[in-house]
Amino acid sequence: DAGVTQSPTHLIKTRGQQVTLRCSPKSGHDTVSWYQQALGQGPQFIFQYYEEEERQRGNFPDRFSGHQFPNYSSELNVNALLLGDSALYLCASLVLGETQYFGPGTRLLVL
Amino acid sequence: EDQVTQSPEALRLQEGESSSLNCSYTVSGLRGLFWYRQDPGKGPEFLFTLYSAGEEKEKERLKATLTKKESFLHITAPKPEDSATYLCAVWGSASKIIFGSGTRLSIRP
């Protein structure tokens, strides 16, 4: 049973650019959450997608947007990148009301 | 506002030296408390979910307990491979999951 997968594993961008990160949920899961984790900190909730709609959102600006596809996979888009957006971006999948499982993450470096 | 505080920030133990990690929380309507293990540069690995005060769960050398204000992760006779960052997270009535900053655990052989 494949777990949560994310791509790419690493990414380097420059300030002002845009980036798209991808996530495939664990088999049987229909909900995807995205988190940002800065070095030495716990994951910070960005948003959650269920039935192709944004269900909840954390305290992140509109530069962060997402999408969920009919097969439950998801994308995270970040526009106008800032140096402070450098972080590990984590995707987690779940069935609502149950435990969420994380992917390996995408390490984003903004120069 | 929901909040999670983990202590200590870092803990160094000798192999075989048992100890506990603390997770204090403030949340409206606790629906669940989670413990994860995270190795450097990797995603968090699920360990336990606790749902109500008094609940306990065990897995190998780890045991998680829950009260109305805090949770403890007890590690018994740890081995070097238990070295990692341990994250605590709470799920409240607002439905968002809030993480603490973690405890970095290092076990010396």
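Our structure is the block above this text.
Residues numbered from 1 in each chain as written. Chains lettered and ligands numbered in written order. Predicted model: local features only at pLDDT ≥ 70, side-chain atom pairs only at ≥ 80, totals over all residues. Heavy atoms only, no water.

(A) Looking closely at the sheet that holds strand E3 (residues 19–24) of chain A. Residue and element names in this part refer to chain A. Here we have 4 strands laid out as an open sheet, ordered E1-E3-E8-E7, and antiparallel in their pairing. Either end of the sheet is taken by a strand with one partner, and the two such strands are strand E1 (5–7) and strand E7 (64–68). On average, each strand axis in the sheet is inclined to that of its neighbour by 20 degrees, with strand direction left out of account. One ladder, built from 3 bridges, connects E1 with E3; its direction is antiparallel. What sits directly across from Thr5, in E3, is Ser24. (Pairing = 2+ DSSP bridges. Helix = DSSP H or I, 4+ residues; strand = E, 2+ residues; numbered from the N terminus. Axes fitted to C-alpha atoms, helices over the stretch in contact; angles between N-to-C directions.)

(B) Main features of the side chain of Glu75(A). All names here are of chain A. Take Glu75: it is sitting in strand E8 (residues 74–78). Of the polar contacts made by the side chain of Glu75, one reaches the side chain of Arg22; its length is 3.4 Å. With residues near it in sequence (within four places) discarded, Glu75 still touches Thr20, Leu21, Arg22, Trp34, Ser65, Gly66, His67 and Phe69. (Polar contact = N/O pair within 3.5 Å; in protein donor to acceptor, adjacent residues only side chain to side chain. Contact = heavy atoms within 4.5 Å.)

(C) Focus on the interface of chain B and chain A. In this complex, chain B contributes 19 residues to the contact, which on the side of chain A involves 21 residues. Summed over both sides, the interface between chain B and chain A buries roughly 1500 Å², with carbon and sulfur atoms accounting for 53% of that surface. At the boundary of chain B and chain A, one finds 0 salt bridges. Joining chain B to chain A, the criterion identifies 5 residue pairs in polar contact (both at pLDDT 80 or more). Going through the elements one at a time, strand E4 (32–38), strand E5 (45–50), strand E9 (84–91) and strand E10 (97–99) of chain B are the ones with two or more residues in the side of chain B that touches chain A. With 3 residues, E4(B) is the largest single contributor of residues to the side of chain B that touches chain A. Residue composition of the side of chain B that touches chain A, by class: 10 nonpolar, 7 polar and 2 charged. (Buried area = accessible area lost by both parts, 1.4 Å probe. Salt bridge = Lys/Arg side-chain N within 4 Å of Asp/Glu carboxyl O. Nonpolar A, V, L, I, M, F, W, Y, C, P; charged D, E, K, R; others polar.)

(D) Region of interest: the pairing of E3(A). Bridge count between E3(A) and E8(A): 5 bridges; the pairing is antiparallel. In the sheet register, Cys23(A) faces E8(A), and the bridge partner there is Ser74(A).

(E) Spatial organisation of unusual backbone geometry. Going from Ser7(A) to Pro8(A), the amide bond is cis rather than trans, its omega being -10 degrees. Here Ser7(B) and Pro8(B) are connected by a cis peptide whose omega angle stands at -10 degrees. The topology assignment puts Pro8(B) in the loop between strand E1 (3–7) and strand E2 (10–14). Residue Ala80(A) is not a glycine yet carries a positive backbone phi of 45 degrees. Note that Ala80(A) resides in the loop between E8 and strand E9 (87–94). For Ala80(A), a relative accessible area of 39% puts it in the partly exposed group. (Buried < 20%, exposed > 50% of the residue type's maximum accessible area, 1.4 Å probe, protein only.)

(F) Focus on the nonpolar core. The biggest cluster of nonpolar side chains holds 23 residues, and the ones touching the most others in it are Leu33(B), Trp35(B), Leu73(B) and Tyr86(B). Contributing elements (two or more residues each) for this core: E2, strand E3 (19–26), E4, E5, strand E7 (62–66), strand E8 (70–75), E9 and strand E11 (103–108) of chain B. Examining the composition of this core, we find that 4 residues originate from one element, E9(B), more than from any other. Ranked by size, the runner-up nonpolar core spans 20 residues in total, among them Tyr49(A), Ala87(A), Cys91(A) and Val110(A). (Core = buried A, V, L, I, M, F, W, Y, C linked by side-chain atoms within 4.5 Å.)

(G) Seen up close, the pattern of salt bridges. All names here are of chain A. As enumerated under the stated definition, the model contains 7 salt bridges over all chains in all. The closest approach of N and O atoms between Arg57 and Glu54, which form a salt bridge, is 3.1 Å. Under the relative-accessibility criterion, Glu54 is labelled partly exposed at 35%. Between Arg63 and Asp85 there is a salt bridge whose closest N-O contact spans 2.9 Å. In this pair, Arg63 is assigned in the loop between strand E6 (53–57) and E7 and Asp85 in the loop between E8 and E9, connecting sequence segments 22 residues apart. In this structure Asp85 comes out as buried when scored by relative accessible area, which is 4%.

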